[in-house]
Structure formats: C-alpha cells, structure tokens
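Take a look at the letters that make up each chain.
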Amino acid sequence: MTSTAGVWMTPRAYDRLRTELLELHAQRDAEMSDEGSDDYALGQALRSARQARIRRIHQLLSNALIGQNPPDDGVAEPGMVLTVRYDDTGEVETFLLAVREAQDSEMEVYSTHSPLGSAIAGARPGERRTYRAPTGATMAVTLLRAVPYLLTDPASGEHEDSPTMDLSSRAELAAS
C-alpha cells in the first residue's frame, strides 16, 4: 500500500535521494546493455533489490515536503528538531523527527514510526511520554524543546536553501 501523505525531509536529504535514484537508474541501464551474467540467480536478486529501492525512492520523492517549515509552536512533529531527556538516566539527546530513509548526515533522525518518534509526536515542551524500547523495556522521555529544522540547520546555524529542482523537474524524475 502506498501512502499519499506528505513526507517531510530536508532539501539536502531530497537531493541525496534524487542522486541515489539517478545512480540506480544508471546501474540498471548499464546492466541491461551488459548481456550474459555469470550468476543468474544473484543477478536476479540484485535487480529485484534495486527495483524495490527505486520504487521506494520514487515514493519518497513524489510525496516529499521540502523547504516547508512546520509551525514554530513547540509541538513535536515531522520537520522539528527535538531535544529530549531520558528520565531514567538524565541523558539529553537532540534529533530530527522525519523519515529515516531521508536521513541527513548532519543530525540523527528518528521516524514517527519508531517507538520514540511515535511516543513523542504531538508532545509540547515539558510533557513526559513513555514508549517501549526494542529491548522491551518501558522508557520515559520528556520533551525539552522542539524547533523547526530549517531554523536550526546544524551545518551553518542559518536557514537552509531550498532544493535546486523545480516542480516540473520533480515530475519528470518521478515519471522515470
């Protein structure tokens, strides 16, 4: 089942996924012109995995919400940089709430589908939430701060530029 809901990602992550997609298409095209694989089963598995990745990237890029700041209202939602405190240890962590596959190398990303991401989504500063860790332990976390990512670009501390691809180019890429 394909979701048509928007997927928030940074412009940098969008560009990285677009580049990966172009590379996957180039690999596929090169392979199609290279007849006679030594290991047919392995070749089929690699082609199948590549096609699945191409479909997933197409889905992400065609539903991408890029360069759109969520409201600066302190509510934890995709596109926000969250600072949380793990109540049991007092450890503080800052991460971006977004699609994990669109990870930007500048900052750790947690998905809203992850245990922590789904628990903290919708929280306001000072709110405590609990979630079940993959180990099975129940964890308590408090949201300390939520700021739109584009206001806190970790690389420069300034607003991040919009992606370089215009809407007609995005439509052409999605159709390929």
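See the structure printed just above.
Read on for an overview of the structure.

Here is what the cut-offs are and how they apply
- Each chain carries its own residue numbering, running from 1 in the written order of its sequence.
- For this predicted model, a pLDDT threshold of at least 70 governs which residues receive local features, and a threshold of 80 or more governs which side-chain atom pairs are given and counted, while totals over whole chains, interfaces and linings are taken from all residues.
- Computation of side-chain values covers all heavy atoms of the structure but excludes hydrogens and water.
- In this description a helix means any DSSP run of H or I spanning at least four residues, a strand means any run of E spanning at least two, and both kinds are numbered starting from the N terminus.
- Pairs of N or O atoms within 3.5 Å make up the polar contacts considered here, provided that, within protein, one atom can donate a hydrogen while the other can accept it, and that residues adjacent in sequence are counted only when both atoms are side-chain atoms.
- Any two residues whose heavy atoms approach within 4.5 Å at even a single point are treated as in contact.
- With a 1 Å grid spanning the protein atoms alone, the term cavity applies to any set of points in which a 1.4 Å probe fits but cannot get out, the term pocket to an open set with protein on both sides within 12 Å along at least five of seven lines, and the term lining residue to any residue with an atom within 4 Å of a point.
- Grid points are joined across faces, edges and corners, and a volume is the space filled by probe spheres set on the points.
- Following the grouping adopted for this structure description, the nonpolar residues are Ala, Val, Leu, Ile, Met, Phe, Trp, Tyr, Cys and Pro, the charged ones are Asp, Glu, Lys and Arg, and the polar ones are all others, Gly among them.
- If DSSP finds at least two bridges between two strands, the strands pair.
- Only Phe, Tyr and Trp rings take part, Trp by its six-membered ring, and two of them pair if their centres are within 6.5 Å. Stacked means planes under 30 degrees apart, edge-to-face means over 60, and tilted covers everything else.
- Relative accessible area decides the class of each residue, using a 1.4 Å probe on protein chains only: under 20% of the type maximum gives buried, over 50% gives exposed, and in between gives partly exposed.

## Comments concerning the side chain of Thr142
Now for step 1: Within the secondary structure layout, Thr142 lies in strand β7 (residues 138-148).
Now for step 2: Side-chain polar atoms of Thr142 contact the side chain of Asp87, separated by 2.9 Å.
Now for step 3: Residues within four places of Thr142 in sequence aside, it is in contact with Thr83, Val84, Arg85, Asp87, Gly126, Glu127 and Arg128.

## Looking at the layout of surface pockets
Now for step 1: When its volume is computed, the largest pocket comes out at roughly 400 Å³.
Now for step 2: Taken together, 22 residues form the lining of the largest pocket, with Gly6, Val7, Val99, Thr112 and His113 sitting closest to its centre.
Now for step 3: Elements that contribute at least two residues to the lining of the largest pocket include exactly β1 (7-9) and α2 (40-62).
Now for step 4: The element that contributes the greatest number of residues to the lining of the largest pocket is α2, accounting for 3 residues.
Now for step 5: Residue composition of the lining of the largest pocket, by class: 9 nonpolar, 9 polar and 4 charged.

## Observations concerning the pairing of β7
Now for step 1: Both strand β3 (residues 80-86) and β7 contribute to a ladder of 7 bridges, which runs antiparallel. Across the sheet, the residue bridging to Met80 is Pro148, located in β7.
Now for step 2: Note: strand β6 (residues 128-132) against β7, 5 bridges, orientation antiparallel. Bridge pairing in β7 links Arg128 to Thr142.

## As for the packing of aromatic side chains
Now for step 1: Throughout the structure, instances matching the rule amount to 2 aromatic pairs.
Now for step 2: With a centroid separation of 5.9 Å and an interplanar angle of 70°, the aromatic rings of Trp8 and Tyr149 are classed as edge-to-face. Highlighted residues: Trp8 in strand β1 and Tyr149 in the loop between β7 and α4 (167-175), separated in sequence by 141 residues. Take Trp8 and Tyr149: they sit in the same class, and that class is buried.
Now for step 3: Geometrically, the ring pair formed by Phe95 and Tyr110 is edge-to-face, given 4.4 Å between the ring centres and 90° between the ring planes.

## Some words on the environment of Pro125
Now for step 1: With respect to the helices, strands and loops of the structure, Pro125 is situated in the loop between α3 (115-120) and β6.
Now for step 2: Spatially, the C-alpha atom of Pro125 lies 8.5 Å from that of Ala76, the residues being 49 residues apart in sequence.
Now for step 3: Not counting residues up to four positions away in its chain, the partners in contact with Pro125 are Gly74, Leu143 and Leu144.

## Side note on the environment of Leu116
Now for step 1: The residue Leu116 is located in helix α3 in this model.
Now for step 2: Taking the C-alpha atoms as reference points, Leu116 and Ala140, 24 residues apart in sequence, are found 9.5 Å from one another.
Now for step 3: Excluding residues that lie within four positions of it along the chain, Leu116 makes contacts with Tyr86, Phe95, Tyr110, Tyr131 and Val141.

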